[in-house]
Amino acid sequence: MQHPENDTRYEGLKVETSPENPGVINPYLAKKPRARKRQLSANDYVEGILKGDVTILSRAVTLLESTLPQHEAIAQEVIERCLPHSGNSVRIGISGVPGAGKSTSIDEFGIYVLNNRGGKLAVLAIDPTSERTKGSILGDKTRMEKLAIHPDSFIRPSPSSGSLGGVARKTRETVVLCEAAGYNTIFIETVGVGQSETACHSMVDFFLLLQVAGTGDELQGIKRGIMEMADGIAINKCDGDNIERCKVAAGHYANALRLFPVPESGLIPNVHTYSGLFGTGIAELWNDIFNYIETVKSNGWFNRRRRRQNLYWMYETIDQRLRNTFYQDPEISTMLDEAKQNIEQGRQTSFVAAQRLLDLYFERLKK
């Protein structure tokens, strides 16, 4: 390999080395020290939320999602003080198979509700968390172009963080904060469909299941567990060449629903077809949803359902607090690391390791 730079003809040339830190050439691009956000007290959070301050509401939701003990204490106080101002909204849960167009549909649904019912709308979109990286894209807001710029809407994507049922653990508390901030309609979008969607069903007044036709497997969508929880079914993408397939699928779902016992609300779920892309069929769907809400309020099921939900979330809160205190215990944490090594190396079974950890934990509680 030839090295022309070593040629004697270039002996008078000198190669200048670049400085280690050349700095910023454009003075306008120089980094300025970021001002730290003022730490808010519980009183600041409550006052801002009750005034409808979106920035304070967003920071309060972030506070709820924090796992730091000092943040949990403030968040609990904020929740308790906002609780008397909550409960005055209509909560709609929206779930569906992947690719059913949930985010696009919510954008159209939200605009329709705001234009025809007024008030303020909050969308709590739950984004799946990666099991590998533990991260979430949180990109649902980008597919809600109309609601994202509407002055009366609030969109909050949150990671599922491995929560069962497709909803974030803190979604229930976020609903309370949004209601206290004056949002009278709340959409809760779940990760997807499955037998474990009870978490979403246990915090909403109407559970809407979105489906699609023409995938060649309509009967796969007829699952008894999810169908029994649905208060209404809507088949999306009913446009173009897919209209006839949607009508056939709607007939299949309607026939399947007749085989189930009558729900406690006394209302058999209806099946609707619509197009989220073209906005057709949305008015009929939402007229049916609002009629359902009025009916269950008049027959008493609305209040009974919410009382049951409150009991459900009491047990869920107890389970969560017990898990947190167990895993945050320093001695348990040390023994847990040892147990992991023993199990991976085959020196101990997972059942024996779990029993020893629990025995230690309960013995410490007795002291």
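About the thresholds
Residues numbered from 1 in each chain as written. Predicted model: local features only at pLDDT ≥ 70, side-chain atom pairs only at ≥ 80, totals over all residues. Heavy atoms only, no water. Helix = DSSP H or I, 4+ residues; strand = E, 2+ residues; numbered from the N terminus. Buried < 20%, exposed > 50% of the residue type's maximum accessible area, 1.4 Å probe, protein only. Contact = heavy atoms within 4.5 Å. Areas by Shrake-Rupley, 256 points an atom, 1.4 Å probe, with all protein chains shown as cover. Axes fitted to C-alpha atoms, helices over the stretch in contact; angles between N-to-C directions. Parallel < 35°, antiparallel > 145°, perpendicular 65-115°, else oblique. Patch = residues over 30% accessible without salt bridge, like charges linked within 9 Å, V, L, I, M, F, W, Y side chains within 5 Å. Salt bridge = Lys/Arg side-chain N within 4 Å of Asp/Glu carboxyl O. Lys, Arg positive; Asp, Glu negative; His and termini not counted. Polar contact = N/O pair within 3.5 Å; in protein donor to acceptor, adjacent residues only side chain to side chain. Core = buried A, V, L, I, M, F, W, Y, C linked by side-chain atoms within 4.5 Å. Expected span 1.5 Å × (residues − 1). Arc of directions from axis to C-beta. Pairing = 2+ DSSP bridges. pLDDT = per-residue confidence, 0-100.

Visitor: Tell me about the overall build of the protein, and name the residues and values.
Guide: Per the secondary structure count, the protein includes 13 helices and seven strands. Of all 367 residues assigned to the protein, the portion counted as buried reaches 41%. Put simply, 74% of the contacts in the protein that link residues at least 6 apart link residues at least 24 apart. Accessible area for the protein stands at about 21800 Å²; split by element, carbon and sulfur atoms hold 53% of it.

Visitor: Talk me through the packing of helix α11 (residues 301-327) against helix α13 (residues 350-366); I want residue IDs and the actual numbers.
Guide: At a closest axis distance of 11 Å, the pairing of α11 and α13 adopts a crossing angle of 95°. When the axes of α11 and α13 are compared, the pair comes out roughly perpendicular. On the side of α11, the interface is formed by L322, T325 and F326, while α13 contributes L357, L358 and Y361.

Visitor: Would you mind going over a nonpolar patch on the surface in detail, with residue names and values included?
Guide: On the surface, L311, M314, Y315, I318 and L322 cluster together into a nonpolar patch covering about 510 Å² of accessible area. By the secondary structure assignment, I318 is in helix α11. Owing to a relative accessible area of 41%, I318 belongs among the partly exposed residues under this scheme.

Visitor: I'd like a rundown of the side chain of D107, residues and numbers included.
Guide: Examined against the element boundaries, D107 turns out to sit in helix α4 (residues 102-117). Buried and unpaired, D107 has K146 as its nearest opposite-charge partner, separated by 5.5 Å. Only 3.2 Å separates the side chain of D107 from the backbone nitrogen of K146, close enough to count as a polar contact. Filtering out sequence-adjacent residues up to four positions away, D107 remains in contact with R143, M144, E145, K146 and L147.

Visitor: Before we move on, could you go through the pattern of salt bridges and cite the residues and values that matter?
Guide: Counted according to the given criterion, the structure contains nine salt bridges. The closest approach of N and O atoms between R306 and D205, which form a salt bridge, is 2.7 Å. Separated by 101 residues along the polypeptide, R306 in helix α11 and D205 in the loop between α7 (198-201) and β5 (206-212) bring together distant segments of the chain. A single burial state applies to R306 and to D205, both of which are buried.

Visitor: Can you lay out the nonpolar core for me, pointing to particular residues and giving the numbers?
Guide: Counting residues in each nonpolar core, the largest one holds 48 residues, and the members touching the most others are I49, L57, L177 and M227. In this structure, L57 is in contact with I49, F154, L177, C178, A181 and Y183, ignoring residues within four places of it in sequence. One finds F109, I111, M144 and Y274 within the second-largest nonpolar core, a separate group that totals 33 residues.

Visitor: Tell me about helix α3 (residues 69-82), and name the residues and values.
Guide: Between its terminal C-alpha atoms α3 stretches 20 Å, which fits the 20 Å expected from 14 residues at 1.5 Å a residue. Of all the residues in α3, the buried ones are A75, V78, I79 and C82. An end-on view of α3 places all buried positions within 100° of arc, on one side of the element. Counted as exposed and oriented over 90 degrees from the buried face of α3: P69 and A73. As for α3, its buried residues are in contact with α1 (42-50), α2 (54-65) and α6 (171-180).

Visitor: Which residues make up the pairing of strand β1 (residues 90-96), and what values do they have?
Guide: Of all seven residues that make up β1, seven are buried, and the element is covered over most of its length. Burial along β1 is two-sided: the residues V90, I92, I94 and G96 and R91, G93 and S95 are all buried. As defined by bridge partners, β1 adjoins strand β4 (residues 185-189) across five bridges and the pair is classed as parallel. Across the sheet, the residue bridging to I94 is E189, located in β4. Summarising the sheet, β1 and β5 pair through five bridges and their orientation is parallel. Residue pairing for β5: G93 is matched across the bridge by F207.

Visitor: Describe the confidence of the model for the protein, listing the residues and the values that go with them.
Guide: Residues with a pLDDT of 70 or more make up 78% of the protein, whose mean pLDDT is 82. Predicted confidence for residues 129-138 stays below pLDDT 50, and this span has 17 contacts to residues more than four positions away or in other chains.

Visitor: Now, about α6: what can you tell me, with residues and values included?
Guide: Of all 10 residues in α6, 10 are buried, a share of seventy percent or more. Taken residue by residue, α6 has T171, R172, E173, T174, V175, V176, L177, C178, E179 and A180 as its buried positions. Positive backbone phi, approximately 100°, marks G182, located one or two places after α6.

Visitor: An account of the environment of A339 is needed here, citing residue identities and associated values.
Guide: Structurally, the position occupied by A339 is in helix α12 (residues 330-344). Residue class for A339 comes out buried when judged on its relative accessible area of 8%. Along the backbone, A339 and L357 are 18 residues apart, and their C-alpha atoms lie at a distance of 8.7 Å. With residues up to four places along the chain from it excluded, the contact list for A339 reads Q348, A353 and L357.

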